[in-house]
Structure formats: structure tokens, C-alpha cells
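So you can see what is in the structure, the chains are spelled out below.
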Amino acid sequence: MTKKASKAKAAAPAEKMNKSQLVEKVAEQTGLTKKQADEAVSTMLDTVVEALRGGQAVGLPGLGTLSVKETAARTGVKPGTTEKIQIPAGKKVAFKVATTLKGNL
């Protein structure tokens, strides 16, 4: 099988739901107005971001857990050249999928 053929068989990426679509779904399913649903979604997202910034992990039942992981300093290669660069230590957000979701995908 050629590289082109294997790429053609790969699944197309799923369409991404944006915030306004999420707000609309929340409003539909809860009976809230769109304004109330927007406030609820915004508050929830702000709370998750605030917790992550504070170093807390955030568990979302049935979805997974968001946490902050430390990354070590490392040496990398500058794109387009062979120049070695030092990448400083930092932090990244990690997501661990809940087993209940994993089994249903």
C-alpha cells in the first residue's frame, strides 16, 4: 500500500464544536435562555482555568481529568537549520480520558 493510499483510508477529523454551539446545546437541554447558558458555560470554563493556574487537577465526571504537568528543560533543533537551542522548563496541560468515555468511543 502506498503512502497516499494509507492516508486516504485515514478517518477524517471530526468537526469541532465551538463555544456558541456548546451554549446552544446547554440552553436546549436545560431550558435556560442562551444568555444564562452562556454565563454558566463561561463560569465553568473560567473556574477550570483558574484551578489549573493554581496547580489543581480538575476532574470532569464521565469525561476525564485535566492537570498541569511540569516539563523538563531540553535541547532542541531550530526548524530550518541545524542550530541547537535550549528549550526552558515549563508547564503544560495534560488530559487523561475517563475509562467510561474510552469504552464508548
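Here the structure is a predicted model, which is why all the values come from computation and not from measurement.

Draft legend 1. Looking closely at helix α3 (residues 34-53). Compared with an ideal rise of 1.5 Å per residue, which puts 20 residues at 28 Å, α3 spans 28 Å between its outermost C-alpha atoms and is within 8% of the ideal. All of the buried residues in α3 are Ala37, Val41, Ser42, Val48, Ala51 and Leu52. As for α3, its buried residues are in contact with α2 (19-30), β1 (58-60), β2 (64-71) and β5 (90-97). Remark: Gly55 follows α3 within two positions and exhibits a positive phi of approximately 85°.

Draft legend 2. Up close: the pairing of β2. Sheet topology places β1 next to β2; three bridges connect them, and they run antiparallel. Residue pairing in the sheet places Gly59 in a bridge with Thr65 of β2. The turn linking β1 back onto β2 is made up of three residues, and Gly62 within it adopts a positive phi angle of 80°. Two elements, β2 and β5, share eight bridges in a ladder whose sense is antiparallel. The residue of β5 that forms the bridge with Thr71 is Gly90.

Draft legend 3. Region of the structure containing the environment of Val49. By secondary structure assignment, the location of Val49 is in helix α3. Counting along the chain gives 17 residues from Val49 to Leu66, while the straight-line C-alpha distance between them is 9.8 Å.

Conventions adopted
- Residues numbered from 1 in each chain as written.
- Predicted model: local features only at pLDDT ≥ 70, side-chain atom pairs only at ≥ 80, totals over all residues.
- Heavy atoms only, no water.
- Helix = DSSP H or I, 4+ residues; strand = E, 2+ residues; numbered from the N terminus.
- Expected span 1.5 Å × (residues − 1).
- Buried < 20%, exposed > 50% of the residue type's maximum accessible area, 1.4 Å probe, protein only.
- Contact = heavy atoms within 4.5 Å.
- Pairing = 2+ DSSP bridges.

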